[in-house]
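Survey of secondary and tertiary structure
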Amino acid sequence: MTIRPAIAAPPAPPPPNLRRALSDAPRIGGLGWRTRARAVPYFFLLPFVAVNLVFFLYPLIRATILAFYQTDGPAHRAYVGWSNFNFVLHDPDFHKAMWNTTVFAFFSICLQLPLSLGLAMLLNAKNDRLKGIFRLAIFAPNLAGQVFVGILFSVLFTPHYGLFNRFLQALIGWGLEQQWLGDPRLVMPAIIIASLWMYVGFNMIYFLAALQNVDQGLVEAATIDGAGPAHIFWNITVPAIAPVATFVVVTSTIGSYQLFELPYNLLANNAEGYGPNNSGMTVVGYLYQYAFHNGDLGTGAAVGWLLTFIILAISLVQIRVLGSVGRET
Amino acid sequence: MNPLRIALIILAAVFFLLLPIRRRLAWRYARVLLLLAVATVMLAPFAWLVCAVFKDSTVLNEYSFLPPLSKISHETINLSNFRALLTDQPTVQGPVCFWRYVANSLFVASLITFLSLVFSSAGGFALAKYRFAGRGVLLTYMLASMTIPAVVLLAPNYQIIWQLGWMDTYKALVVPAAVSAFGIFLFRQAMLGVPNELIEAARIDGWGEFRIYLTLAMPLVRPMSGAFCLICFLGAWNSFLPPNIFLQSQAKLTLPVVLNQYVGQYRHDYGIFLCGTLLAMIPPAILFFSLQREFISGLTSGAVKQ
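This one's a predicted model, so the numbers in the text were calculated from it and none came from an experiment.

Here we come to the overall build of chain B. Along its length, chain B carries 14 helices and zero strands. If you list the helices and strands of chain B from N to C, you get α-α-α-α-α-α-α-α-α-α-α-α-α-α. Relative to its length of 306 residues, chain B is extended, with a C-alpha radius of gyration of 26 Å against a globular reference of 19 Å. Relative to all contacts within chain B whose residues are 6 or more apart in sequence, the contacts with residues 24 or more apart total 72%.

Turning to the overall build of chain A, a few remarks are in order. Counting its regular elements, chain A contains 15 helices and two strands. When each of the 329 residues of chain A is scored for burial, the buried share is 38%. Sequence separation of at least 24 residues holds for 68% of the intrachain contacts in chain A that already meet a minimum separation of 6.

Moving on, we get to the packing of helix α1 (residues 3-21) of chain B against helix α2 (residues 23-54) of chain B. All names here are of chain B. For the pair α1 and α2, interaxial distance at closest approach is 8 Å and the crossing angle is 160°. Between α1 and α2, the crossing angle belongs to the class labelled roughly antiparallel. When the axes of α1 and α2 are compared, the crossing they make is left-handed. Residues L11, F15, L18 and L19 of α1 touch α2, and the partners they reach there are R23, L25, A26, Y29, A30 and L33.

By size, the foremost hydrophobic cluster in this structure holds 164 residues, and its most contacted members are A:L287 and B:A217. By residue number, the principal contributor to this core is helix α10 (residues 184-211) of chain A, which donates 15 residues. Looking at this core, you find at least three residues from each of domain 1 (3-66) and domain 2 (98-301) of chain B. Apart from residues no more than four positions distant in its own chain, A:L287 is found in contact with A:G300, A:V303, A:G304, B:V151 and B:L154.

Buried accessible area, meaning the area lost when the parts come together, often serves as the stated size of an interface. All names here are of chain B. Looking at chain B, the domain boundaries give domain 1 (3-66) and domain 2 (98-301). Each of domain 1 and domain 2 has a C-alpha centre, and these two points are 37 Å apart. Listed per partner, the contact involves seven residues of domain 1 and six residues of domain 2. When grouped by side-chain class, the residues that make up the side of domain 1 that touches domain 2 number five nonpolar, one polar and one charged.

In this section: the interface of chain B and chain A. Of the residues lining the interface, 79 residues belong to chain B; the matching set on chain A comes to 84 residues. Top element by residues in the side of chain B that touches chain A is helix α14 (residues 270-301) of chain B. It accounts for 12 residues. Of the residues belonging to the side of chain B that touches chain A, the class tally is 59 nonpolar, 15 polar and five charged.

Take the pairing of strand β2 (residues 76-79) of chain A next. Residue and element names in this part refer to chain A. Note: strand β1 (residues 69-72) against β2, four bridges, orientation antiparallel. Each bridged residue has a counterpart across the sheet, and for D72 the counterpart in β2 is H76. Hairpin remark: β1 followed by β2, antiparallel, with three residues in the connecting loop; positive phi at G73, about 75°.

Here the focus is unusual backbone geometry. All names here are of chain A. In this structure, H160 takes a positive phi of about 70° despite not being glycine. Tracing the backbone through its elements, the reader meets H160 in the loop between α8 (146-156) and α9 (163-172). Note on H160: 12 C-beta atoms within 10 Å, which makes it exposed. A positive phi angle is found at N277, which is not glycine, with a value near 55°.

Tracing the chain through its elements places A:G300 in helix α15 (residues 297-328). C-beta crowding within 10 Å serves as the criterion here: with 30 such atoms nearby, A:G300 is assigned to the buried category. Along the primary structure A:G300 and A:Q289 are separated by 11 residues, whereas in three dimensions their C-alpha atoms are 8.5 Å apart. Setting aside chain neighbours within four positions, we find A:G300 in contact with A:L287, A:Y290, A:A291, B:L154 and B:A155.

Let us now look at α10(A). Across its 28 residues, α10(A) extends 40 Å between first and last C-alpha, which sits within 8% of the 40 Å expected from 1.5 Å per residue. A bend of about 40° at A:Y199 is the largest found in α10(A).

Looking now at the packing of helix α4 (residues 98-129) of chain B against helix α8 (residues 181-191) of chain B. All names here are of chain B. Between α4 and α8, the shortest axis-to-axis distance is 7 Å and the interhelical angle comes to 50°. Compared by their axis directions, α4 and α8 come out oblique. Where α4 crosses over α8, the handedness of that crossing is right-handed. Contacts between α4 and α8 involve S116, S120, S121, G123, G124, F125, L127, A128 and K129 from the former and G183, I184, L186, F187, R188, A190 and M191 from the latter. Residue classes in the contact of α4 with α8 are distributed as eight nonpolar, six polar and two charged.

Next up on the list: the confidence of the model for chain A. Taken residue by residue, chain A gives an average pLDDT of 84. The fraction at 70 or more is 86%. Segment residues 1-31 of chain A: pLDDT under 50, and 27 contacts once partners within four positions in sequence are set aside and those in other chains are kept.

Here the focus is the confidence of the model for chain B. Looking at chain B, pLDDT values average 89 and 96% of them are 70 or higher. In the predicted complex, the global pTM is 0.87; the interface-specific ipTM is 0.90.

Bringing the environment of A:P243 into the picture now. Residues and elements named next belong to chain A. The residue P243 is located in helix α12 (residues 229-257) in this model. Exposure remark for P243: the 17 C-beta atoms within 10 Å place this residue in the partly exposed category. Residues P243 and L307, spaced 64 residues apart in sequence, show a C-alpha to C-alpha distance of 26 Å.

Its 12 residues give helix α10 (residues 209-220) of chain B an end-to-end C-alpha distance of 16 Å, which sits within 8% of 16 Å, the value for a rise of 1.5 Å per residue. All of the buried residues along α10(B) are B:E209, B:I212, B:Y213, B:L216, B:A217, B:M218 and B:L220.

What counts and how
Residues numbered from 1 in each chain as written. Chains lettered and ligands numbered in written order. Predicted model: local features only at pLDDT ≥ 70, side-chain atom pairs only at ≥ 80, totals over all residues. Helix = DSSP H or I, 4+ residues; strand = E, 2+ residues; numbered from the N terminus. Rg over C-alpha atoms; globule rule 2.2 N^0.38 Å. Contact = placed C-beta atoms within 7 Å. Buried ≥ 20, exposed ≤ 12 C-beta atoms within 10 Å, placed from the backbone. Axes fitted to C-alpha atoms, helices over the stretch in contact; angles between N-to-C directions. Parallel < 35°, antiparallel > 145°, perpendicular 65-115°, else oblique. Left-handed = near helix turned anticlockwise from the far one by under 90°. Core = buried A, V, L, I, M, F, W, Y, C linked by C-beta atoms within 7 Å. Domains from an automatic or database assignment. Nonpolar A, V, L, I, M, F, W, Y, C, P; charged D, E, K, R; others polar. Pairing = 2+ DSSP bridges. Expected span 1.5 Å × (residues − 1). Bend = angle between axes of the 7 residues up to and from the residue. pLDDT = per-residue confidence, 0-100.

What follows is the structure in structure tokens.
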């Protein structure tokens, strides 16, 4: 039914075009249009190819070379071999950053995604007028970027006065005086909470769409046969949403390993954005610190490549493992 | 016992009373209640933010949201935060008003969105509707390029921008962001749905290839265009690292960078930077509400086969 407006749209062809079309008979139908169209796809793709070569492929090659140089700002550099990698891999700050980022990725997947799925299943009822409003409310935090969420939560986590501290105190009677952003043990939980607030609705949207793939007839048949909700969940729902779940797990992991702006702005007042004892330092934060504060782009490039390999390795393992699970069930 | 806990206990008691009498109703009640609780938690920070910006700095910490009705007066609720935020700030380039940063952000984000829309849709159209030498290679290359995280390019791109003499210009922000393999993929997926018969018919009518793309294919992929514009605009509007690295003059900065500065500058008067944060959240919200339907469908189109 989408075809109708397009058919109505083309007016009668103007005479010059018509004449051209008629004078060159092979163009009409068959394969003839391809001769005329040969250059067209290249023209359409030219902007992408040009910009991609200059700002993606070329810098990618340069990053490889740069990783073996020590630089001071963009202009000065000296060849240092593998020592950038050597330095980074033995730097306790990098270990800390790697640990923090891994903790964050772990909780993104093991805490945030189950909650997203749970919310999606709660929302996924038939004939519910409230569905749209709830979906909007839960998704809303994602509209504010990491920077603004970080700034907002830096105030919400204020000891004694912050909304989050007050809420926790009223709910479970603990937490009013906690220094969420000043206590090294609480910085990562604070980052995880802020990110949970921000991304739970985003992933919920994917699961909501995936739940449309669940065969309702199968669910009804299973219910008649006396299957409990847990049975239905593991044997019907999970296999149906497995492809989307794999996608969400992999993209969440990739995103989590590139975390930077949220903690950097959340902790903007605590130790230059990295928290006490670097307790909120992430891998990208480490890269930013070395490449753009200390001016050592070489170390930045080395960290970038290390992160790339880690992300690739983890996503490949995830796709293997989750893919095989999806096939078995 | 505080009011929150009393309310929760009462609500839970209603559920357990309903459960033996009317099972289905009890579960529906629990579901709506749970969703209401989650929605409240999600929206409370926004509500708090809106209240906070209107509170005078003397009572900012005193009340969780707004002061009680008896205490509302010009001393507690006023526009002093806005006034402080919107007065001109002296910088090296002369006085700069906060609206200048809003205008910068709007300009950069709109330009990136427009260029991305044009280049991604054209590229997606070419990949979906033409057969040409190098097509398979290009598709594979684009798929592979999407697995490389952008941060690995930060350091070399800094050198390239510097060598091009693009430091402290918007070119450094706009040009690298104007094309994306991801965008071309989204549009390729959508353009595959444009019927070949229509394109053939248009060619027989003597339409040029560019006209087919612009007036035939583009209207047919309009939902995808809406979603893509929103994704692009949100990304560009919230982008922090590139402007932070490439821009130097204060007057050229975009909102995320400026607000990050303000957090340090107004450390003890946080009503001011909260004001800026609220203003910075408004344009994406307006765009979202006008494109909401397209957004949800576009967001999931890559992941879910319908």
